[in-house]
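# Examination of the molecular architecture
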Amino acid sequence: MLDQKLRAAILALHEKGRSKRSIAKALKVSRDSVKEVLASGSMEVPLLVRPQLADAWREEILAQHDSCGGNLVRVHEELAKKGAKLSYPALTAFCRHNGIKPSGNYDFPPGEEMQHDTSPHEPKIGGVKRKAQTASLVLFFSRMLFFQLYPCFTRFECKVFLTEAFEYFAGLAARCMIDNTHVVVLKGSGSTMVPVSEMAAFAERYGFQFKAHEIGDANRSARVEGPFNFIENNFLAGREFRDWRHANQEARTWCDEKNAAFSRSLHASRRELFAAEKPHLKPLPIWVPEVYVLHHRIVDAGGYVNVRANRYSVPYQLMGRQLEVRETKERIEVFDGPRVVATWERVIGACSVRMTNPAHRPPRGEGRPKEAPPLEEESLLRVEPSLADYVAALKKHASGRGTLALRRLLKLLRDYPRTSFLAAVRQAEQYGLYDLDRLERMVLKEIAHEYFVLPAERSDEDDDEENGDE
């Protein structure tokens, strides 16, 4: 079939008075083709309409497309069972010409969607292979990629990761597609998914929404699933890292390189496509508070607070006090009221580590006097001064200075309701009982009596008390 330029040349030469034979000879086409173009009088190439084998099965194809969820392989199998002599390429061509899309084909404009997911890997960190969760975020339109490695992945790590990803992209999309992960999902799945209030508040702060794909529809999150294999076989292959921080620094550098590299499948680099998508992204808020987990810890007798099985020292004057501990991505911050009393670099991926600042320990020769009462005794009397007589008697019946017994008594005071505990202590003091196992059973009995007594019994007891008063 002659193209549009040849048809235009035939018409132009004909207008100059050239014969059909000379036109055909000059353009090296047949005279019949010249006659056909002159008869049409137009340079537009006529549409070639050919009958398709699938035309006779149009209604059946549409019905099977709906029932098979858009899977054309299954549609072809069902048509073959019904006697259709139709090849798979003929079916896909028919669907393509008629605008019937197969499952897994999604298209969104710039700035509308980003996809987030995690995948387990085993990077070599500190010379040892460690289990890690690789968290990834991909912008749907430009395929811009950002990922980090974590020893575990909770809501805290999720918020830290997304915050860093948004800062890396200098913006975010309006919707974040996830795969029904329990880190985000409170209940439901797919279109009925309800996010956890903590994650919903995080999304509201940035102005986007979490959406989950339907269970089994893995193609819906294909943009973020694909790079995990690339990370496994390219980034992690042959690389070793000093620690988790070094691994994530290398991951960020690798993302910079791959996002700037030319992609044959995209016919451009991700960075070039991102330049077109960036104006459509939501801007970052002018200020966002740092992501942290709040803990309340009592300073132990050694002057440490415990966070994720690691111990961090605080000033020795705060022993026995309850403090507020904020765990951020990089730091452990200890607050006494509104004031920061200690700051530490957060230990990642290890446990039973003790971090000690010499400034937190008492100067030599100025330690706690030996004749001073134990810290547990001071804590008990500061919280409940009425225990003074029982504490003094308990120390006489306990071995040594009675530190272990006082520590056990302090734990009972903190663990059980105050009224039930004090009632049991008054009864034990009356009968001279200083066995703390027996005291704990008495406390539990008081709690059971308080919470499980029937209303009728309560009214009878109240009447007896009133009669006794009279």
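Preceding this section is the structure that the text describes.
As a starting point, this report considers the structure included with it. (Residues numbered from 1 in each chain as written. Predicted model: local features only at pLDDT ≥ 70, side-chain atom pairs only at ≥ 80, totals over all residues. Heavy atoms only, no water.)

## Details of the overall build of the protein chain
The secondary structure content of the protein chain amounts to 17 helices and 19 strands. Its C-alpha atoms give the protein chain principal-axis dimensions of about 130 × 65 × 40 Å. In the protein chain, which comprises 470 residues, the share counted as buried stands at 38%. Approximately 27500 Å² of the protein chain is accessible, and the part contributed by carbon and sulfur atoms is 51%. Counting 69 positive and 65 negative side-chain charges, the protein chain places the centres of these two groups 13 Å from one another. (Helix = DSSP H or I, 4+ residues; strand = E, 2+ residues; numbered from the N terminus. Buried < 20%, exposed > 50% of the residue type's maximum accessible area, 1.4 Å probe, protein only. Areas by Shrake-Rupley, 256 points an atom, 1.4 Å probe, with all protein chains shown as cover. Lys, Arg positive; Asp, Glu negative; His and termini not counted. Charge placed at Lys NZ, Arg CZ, Asp CG, Glu CD.)

## Observations regarding the sheet that holds strand β15 (residues 310-313)
Here we have 3 strands laid out as an open sheet, ordered β14-β15-β19, and mixed in their pairing. Each of the sheet's edge strands pairs with one partner strand only, and the pair in question is β14 (304-307) and β19 (354-355). Sheet topology places β14 next to β15; 4 bridges connect them, and they run antiparallel. Bridge assignment links Asn306 to a residue of β15, and that residue is Arg311. (Pairing = 2+ DSSP bridges.)

## Some words on the side chain of His246
Relative to the helices and strands, His246 resides in helix α10 (residues 244-260). Judged by its relative accessible area of 12%, His246 is buried.

## Details of the pattern of salt bridges
Close approach of charged atoms allows side chains of opposite charge to pair. Taken as a whole and assessed by the stated rule, the structure comprises 24 salt bridges. The shortest N-O distance in the salt bridge between Arg245 and Glu345 comes to 3.4 Å. You can see Arg245 sitting in helix α10 and its partner Glu345 sitting in strand β18 (residues 339-345), a full 100 residues away along the chain. Glu327 is the partner of Arg346 in a salt bridge, and the nearest nitrogen-oxygen pair spans 2.8 Å. Pair noted here: Arg346 is in the loop between β18 and β19 and Glu327 is in strand β16 (residues 322-327), with a separation of 19 residues, a long-range link. Several salt bridges share partner residues, and in doing so they unite Glu164, Arg245, Lys329, Glu330 and Glu345 into one network. (Salt bridge = Lys/Arg side-chain N within 4 Å of Asp/Glu carboxyl O.)

## Remarks on the packing of aromatic side chains
For the coordinates displayed, the defined rule picks out 17 aromatic pairs. Summarising the aromatic geometry, the rings of Phe146 and Tyr168 are spaced 4.8 Å apart at their centres and angled 35° between planes, so their arrangement reads as tilted. Residue Phe146 is found in strand β5 (residues 145-150), and its partner Tyr168 is found in helix α7 (residues 155-169); the two are separated by 22 residues along the sequence. Take Phe146 and Tyr168: they sit in the same class, and that class is buried. Aromatic side chains Phe202 and Phe208 sit 6.4 Å apart centroid to centroid with 85° between the ring planes, which places their arrangement in the edge-to-face category. A relative accessible area of 4% places Phe208 in the buried class. A connected cluster of aromatic rings, assembled from ring pairs, spans Phe146, Tyr150, Phe153, Phe161, Tyr168, Phe169 and Phe274. Looking at Arg326, its charged tip hangs above the ring of Phe335, at a distance of 4.3 Å from the centre. The ring of Tyr304 carries the charged tip of Arg354 above its face, separated from the ring centre by 5.2 Å. (Phe/Tyr/Trp six-rings, centres within 6.5 Å; stacked < 30°, edge-to-face > 60°. Lys NZ or Arg CZ within 6 Å of the ring centre and 35° of its normal.)

## Brief notes about the sheet that holds strand β3 (residues 128-129)
Backbone hydrogen bonds are what pair the strands of a sheet, in a parallel or an antiparallel way. Across the sheet, 3 strands lie side by side as β3-β2-β10; this open sheet has mixed pairing. Whereas interior strands pair on both sides, the edge strands pair on one side only; in this sheet they are β3 and β10 (240-241). Alignment of strand β2 (residues 124-125) against β10, held across 2 bridges, turns out to be parallel. Bridged to Ile125 within β10 is Phe241.

## Remarks on the environment of Asp3
Tracing the backbone through its elements, the reader meets Asp3 in the segment before α1 (4-15). Residues Asp3 and Met43 lie 40 residues apart in sequence; the distance between their C-alpha atoms is 8.6 Å.

## Let's talk about the packing of α7 against helix α8 (residues 197-206)
Any two packed helices are characterised by the angle at which their axes cross and by the distance between the axes. Two elements in contact, α7 and α8, have axes separated by 11 Å at closest approach and are oriented at 15°. Between α7 and α8, the angle is such that the two are roughly parallel. Between α7 and α8 the crossing geometry is right-handed. Across from Arg155, Cys158, Lys159, Leu162, Thr163 and Phe166 in α7, the residues of α8 making contact are Glu198, Met199, Phe202 and Tyr206. Residues that form the contact of α7 with α8 fall into these classes: 6 nonpolar, 1 polar and 3 charged. (Axes fitted to C-alpha atoms, helices over the stretch in contact; angles between N-to-C directions. Parallel < 35°, antiparallel > 145°, perpendicular 65-115°, else oblique. Left-handed = near helix turned anticlockwise from the far one by under 90°. Contact = heavy atoms within 4.5 Å. Nonpolar A, V, L, I, M, F, W, Y, C, P; charged D, E, K, R; others polar.)

## Describing the pairing of strand β9 (residues 209-212)
Burial along β9 is one-sided: Phe210 and Ala212 are buried, and none of Gln209 and Lys211, which face the opposite way, are. Note that strand β6 (residues 175-178) and β9 share 4 bridges and pair parallel. Opposite Met177, over in β9, you have Lys211 as the bridge partner.

## Quick notes on the nonpolar core
If you look at the biggest cluster of nonpolar residues, it comprises 53 residues, and the most contacted ones within it are Met114, Leu137, Phe166, Phe208, Phe210 and Phe235. Contributing elements (two or more residues each) for this core: β4 (132-139), β5, α7, β6, α8, β9, α9 (222-235) and α10. The element best represented in this core is α7, accounting for 9 residues. Apart from residues no more than four positions distant in its own chain, Phe210 is found in contact with Leu162, Cys176, Ile178, Val184, Met193, Met199 and Ala203. If you look at the next biggest cluster of nonpolar residues, it comprises 22 residues, including Leu387, Leu394, Phe421 and Met442. (Core = buried A, V, L, I, M, F, W, Y, C linked by side-chain atoms within 4.5 Å.)

The quantities given are spatial measurements derived from coordinates; they are silent on function.
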